[in-house]
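One-letter residues, chain by chain:
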Amino acid sequence: MTEKKNKIDATLKKLVEDTASGRSNSSGEAVGDEYYYSTDLVGDPNCPLCHGLGYLRRDLPIGHPDFGKLQICSCRHGQVAQQIHQRLFSISNLDNLQHLTFENFNSRGRIGLGPWQADSLEQAFNQAQQFAQNPEGWLLLQGGYGCGKTHLAAAIANFTVSVGMPTLFITVPDLLDALRFTYNNQESTFEERFDEIRTAPLLVMDDFGTQNATAWAQEKLFQIINYRYINRLPLVITTNLLLDQIEGRIRSRLEDPELVTRVVIHAPDYRRPTDDTSHPDLSSLAMHHEQTFSNWDDRQSENLSDVDRLSLERALKAATTYARSPKGWLVFTGTYGCGKTHLAAAIANTRADLGQPPMFISVSDLLDHLRATFSTNSLVTLDRRFEEIRSAPLLILDALGEQSPTPWANEKLFQLIDYRHINKLPTVITTAKWYDEIDERIYSRLQDTRLCTVCAIKASGYRGSSTSTTPRRQKRTKK
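Scope of this entry: the structure provided in the associated data block.

Calculation criteria
- Residues numbered from 1 in each chain as written.
- Predicted model: local features only at pLDDT ≥ 70, side-chain atom pairs only at ≥ 80, totals over all residues.
- Heavy atoms only, no water.
- Helix = DSSP H or I, 4+ residues; strand = E, 2+ residues; numbered from the N terminus.
- Buried < 20%, exposed > 50% of the residue type's maximum accessible area, 1.4 Å probe, protein only.
- Contact = heavy atoms within 4.5 Å.
- Areas by Shrake-Rupley, 256 points an atom, 1.4 Å probe, with all protein chains shown as cover.
- Salt bridge = Lys/Arg side-chain N within 4 Å of Asp/Glu carboxyl O.
- Core = buried A, V, L, I, M, F, W, Y, C linked by side-chain atoms within 4.5 Å.
- Pairing = 2+ DSSP bridges.
- Axes fitted to C-alpha atoms, helices over the stretch in contact; angles between N-to-C directions.

## Some remarks on the overall build of the protein
Reasoning step 1: Secondary structure summary: the protein contains 14 helices and 14 strands in total.
Reasoning step 2: Out of the 479 residues in the protein, the part that is buried amounts to 46%.
Reasoning step 3: Put simply, 73% of the contacts in the protein that link residues at least 6 apart link residues at least 24 apart.
Reasoning step 4: In the form shown here, the protein has an accessible surface area of approximately 25,200 Å², with 50% of it arising from carbon and sulfur atoms.

This is how it looks when you write it as structure tokens:
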């Protein structure tokens with residue numbers, strides 16, 4: 001050890017002497033059994049510490065992990081920081097995103113956006129701006145395509161770059177490609193590039209979840225995120241995935257409330273301004289936009305019985321009350337054409353007008369959307385589609401019982417109903433089926449009077465005879 005220490009001291013002494021005298025040896029010169037290479041001065045020639053060498057060796061005891069290692073002198077910190085900054089900027093795609101700033105971001109969204117959607121967008125804007133000014137911890141931005149996640153992430157990166165903070169902004173697929181490229185690149189090794197990414201002073205990972213989810217990709221992403229988690233390095237992630245769809249180890253880090261600020265943007269795709277719901281690919285509310293409370297027909301001109309008329313009045317009152325404040329479950333039962341769907345659509349249109357569009361969908365269409373995810377051309381997984389439906393802030397299920405009663409359909413429908421029952425999520429259901437025609441498990445949830453209000457419309461179908469009556473069926477006996 002003593003001999004090795006003496007060789008290192010002799011090498012450093014020779015480097016300092018040659019640098020101070022202006023000599024350069026690019027071919028290499030031996031000092032004992034060790035070789036060194038000297039170039040032009042890299043440090044400040046007037047530095048009292050390194051005398052222009054640019055490096056120092058710390059006075060450490062033998063056996064210390066940093067013993068004998070060269071350290072960058074303080075006179076070079078500015079130069080090194082600038083080199084890191086330029087290196088990270090060259091990897092980033094910020095040249096093409098310099099126009100994405102906080103100044104040109106509409107924090108309340110486009111005209112016509114509902115308060116619920118605009119509020120989520122403004123919250124994301126405020127959190128992003130706060131993070132840019134004080135980049136500490138992690139910021140997770142979630143939301144659908146085109147809701148503004150990338151704009152905010154790029155605005156953070158452009159701001160931190162403008163104040164001199166080395167920042168790496170990169171989409172996750174490009175990040176993985178940058179790592180793969182090093183395998184055939186003589187200028188940069190995989191280890192060097194990987195270390196540049198995971199140790200960047202600020203890392204912005206855009207489009208997390210759009211990468212090819214190979215085992216190698218998942219492992220590299222986890223290593224990067226875990227390194228930054230352990231070392232508490234600032235990180236921004238944007239994704240259109242739900243937390244449940246993210247790999248378990250990464251998800252556990254993203255769920256740490258002490259480190260991560262999570263913001264979900266509910267605004268629709270700004271590229272599709274005509275969409276008036278948050279679920280344009282699922283909700284069929286646009287087909288029912290004319291069914292409102294204002295054009296509800298109370299059927300006073302028909303010769304309805306007092307019981308039938310009273311049931312319509314009670315259903316209308318329950319619907320209008322629920323539309324103002326959706327809490328619990330509201331179930332409309334009755335024969336075909338009696339007005340169940342009209343009242344359910346009126347609730348949905350009222351909430352949409354208030355800026356909180358629900359998911360309005362028939363049960364048959366819901367199951368078709370789930371089946372469509374099995375196609376090789378599907379852009380969304382079954383898990384994501386199912387989670388999107390079952391966790392909707394307000395779900396309106398039309399025509400329960402009209403679906404094909406296959407075991408798979410019954411199971412998915414029960415899972416959906418059961419999840420919303422357990423979590424007490426606002427739900428509206430219409431059905432023309434008798435209770436003994438509904439899955440027993442679902443029936444039991446509809447009978448929970450603590451959560452569910454059932455409005456039975458006794459009147460006949462609007463297009464049917466006003467004197468016809470709905471046949472009575474024997475009530476199900478409890479088993």
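## A few points about the pattern of salt bridges
Reasoning step 1: Evaluation of the coordinates by the stated rule reveals 17 salt bridges.
Reasoning step 2: Its salt-bridge partner being E402, residue K433 comes within 3.9 Å of it at the nearest N-O pair. In this pair, K433 is assigned in the loop between β13 (427–431) and α14 (440–446) and E402 in the loop between β12 (395–400) and α13 (407–422), connecting sequence segments 31 residues apart.
Reasoning step 3: The class of K433 is partly exposed, set by a relative accessible area of 22%.
Reasoning step 4: We classify E402 as partly exposed; its relative accessible area is 34%.
Reasoning step 5: For R445, the salt bridge identified is with D418, shortest N-O distance 2.8 Å. Residue R445 is found in helix α14, and its partner D418 is found in helix α13; the two are separated by 27 residues along the sequence. Here the two residues R445 and D418 agree in accessibility, since each one is buried.
Reasoning step 6: Counted as one network, the salt bridges with shared partners bring together R108, D119 and E122.

## A closer look at the nonpolar core
Reasoning step 1: Counting 31 residues, the largest nonpolar core has F102, L139, L152, I156 and F169 as the members making the most contacts within it.
Reasoning step 2: Those elements that provide at least two residues to this core are α3 (115–133), β5 (138–143), α4 (149–162), β7 (202–208) and β9 (260–265).
Reasoning step 3: In this structure L139 touches Q127, A128, F131, I156, L235, V236, I237, T261 and V263, once residues within four positions along its chain are discounted.
Reasoning step 4: Of all hydrophobic cores here, the second largest spans 30 residues; its members include I170, F208, A217 and L241.

## Comments concerning the sheet that holds strand β11 (residues 359–362)
Sheets are built from strands paired through backbone hydrogen bonds, the pairs being either parallel or antiparallel.
Reasoning step 1: Overall, parallel pairing links the 5 strands, which are arranged β11-β12-β13-β10-β14 in an open sheet. Edge positions in the open sheet fall to β11 and β14 (452–456), since each of these has one partner strand only. Averaged over all adjacent pairs, the angle separating strand axes in this sheet is 15°, with direction ignored.
Reasoning step 2: Note: strand β10 (residues 329–333) against β14, 5 bridges, orientation parallel.

## Let's talk about unusual backbone geometry
Reasoning step 1: Its identity as a non-glycine residue notwithstanding, R232 has a phi of 55°, on the positive side.
Reasoning step 2: Its location among the elements puts R232 in the loop between α7 (215–230) and β8 (235–239).
Reasoning step 3: Owing to a relative accessible area of 41%, R232 belongs among the partly exposed residues under this scheme.
Reasoning step 4: Not every positive phi belongs to a glycine, and K424 is a case in point at roughly 55°.
Reasoning step 5: When you line up the elements, K424 lands in the loop between α13 and β13.

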